[in-house]
Amino acid sequence: HWKRTPTGHPDTEGGLYLGARDLARIGQLYLDDGVWQGRRLLPPGWARTATARHVERTADAPGAPGYGYQWWRYDRRGAEVWAGNGFGGQFLVILPQQRLVAVVNSWNVFGDRVPGVLAPLIGALLDARHSPRSTSADATRVARRAGSQLAAAAAARSVSATAASVAGSVGLIS
């Protein structure tokens, strides 16, 4: 649903609330070049154009992500990684070559710094891509592994307990 402004209008600058499955559906729509359940919803090629790097690097630092039309590019190890980053630690991550969509649906309402949520997830997804056959069970293991990495990082105090709490909130579809 859309949060409303005091004047009753939808808050389109950041007021969209989606559950993990609905956010994953957006990822699947982009993964399938704008086709949802056999019906074209976006112009052909729009998903590729929107997720392309229009800004090569968003910072003058090695490994800085690129940027498309509201899509971040966290390409690693020769793989494209598209991401929609939301407020409070919400992420939609798409690995198009692996036909994989991952969602982290969390909310950092206390304003804690939450480093390390996205990088371990992307790392776990990329590690899983080396598997010759990927199944739903593999996807579940990847989600658990990403959560375990966050929990281990919290135990070592390199990320906050808030970051580790997303361990049970990582979901994947493939």
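See the structure above.
Fair warning: this is a prediction, and the values are worked out from it, not measured in the lab. (Residues numbered from 1 in each chain as written. Predicted model: local features only at pLDDT ≥ 70, side-chain atom pairs only at ≥ 80, totals over all residues. Heavy atoms only, no water.)

Colleague: Before we move on, could you go through the environment of Arg48 and cite the residues and values that matter?
Modeller: Mapping Arg48 onto the fold places it in helix H2 (residues 46-51). The exposure class assigned to Arg48 is partly exposed, which follows from its relative accessible area of 42%. Each C-alpha atom, one on Arg48 and one on Tyr30, is 8.0 Å from the other, the two residues being 18 residues apart in sequence. Filtering out sequence-adjacent residues up to four positions away, Arg48 remains in contact with Glu80 and Trp82. Looking at Arg48, its side chain comes within polar contact range of the side chain of Glu80, at 2.8 Å. (Helix = DSSP H or I, 4+ residues; strand = E, 2+ residues; numbered from the N terminus. Buried < 20%, exposed > 50% of the residue type's maximum accessible area, 1.4 Å probe, protein only. Contact = heavy atoms within 4.5 Å. Polar contact = N/O pair within 3.5 Å; in protein donor to acceptor, adjacent residues only side chain to side chain.)

Colleague: Please give an account of the pattern of salt bridges that cites residues and values.
Modeller: Evaluation of the coordinates by the stated rule reveals 11 salt bridges. Residue Asp75 pairs with Arg53 through a salt bridge whose shortest N-O separation is 3.6 Å. In this pair, Asp75 is assigned in the loop between strand S4 (72-73) and strand S5 (82-86) and Arg53 in the loop between H2 and strand S3 (66-67), connecting sequence segments 22 residues apart. Residue Arg53 is classed as partly exposed on the basis of its relative accessible area, which comes to 25%. Between Asp60 and Arg57 there is a salt bridge whose closest N-O contact spans 3.0 Å. By relative accessible area, which is 75% here, Asp60 ends up exposed. Among the residues examined, Arg57 registers a relative accessible area of 41% and is labelled partly exposed. Each of Arg48, Arg53, Glu56, Arg73, Asp75 and Glu80 takes part in a single network of salt bridges with overlapping partners. (Salt bridge = Lys/Arg side-chain N within 4 Å of Asp/Glu carboxyl O.)

Colleague: Can you explain the nonpolar core? Please cite residues and give values.
Modeller: One recurring pattern in soluble globular proteins is that nonpolar side chains are buried together. Membership of the largest hydrophobic core comes to 16 residues, with the highest contact counts inside it found for Val93, Leu95, Ile122 and Leu125. Examining the composition of this core, we find that 5 residues originate from one element, helix H3 (residues 118-128), more than from any other. Setting aside chain neighbours within four positions, we find Val93 in contact with Val81, Trp82, Ala83, Leu100, Val101, Ala102, Leu118, Leu121, Ile122 and Leu125. Listed in part, the 14 residues of the second largest apolar core include Ala47, Leu92, Ile94 and Val101. (Core = buried A, V, L, I, M, F, W, Y, C linked by side-chain atoms within 4.5 Å.)

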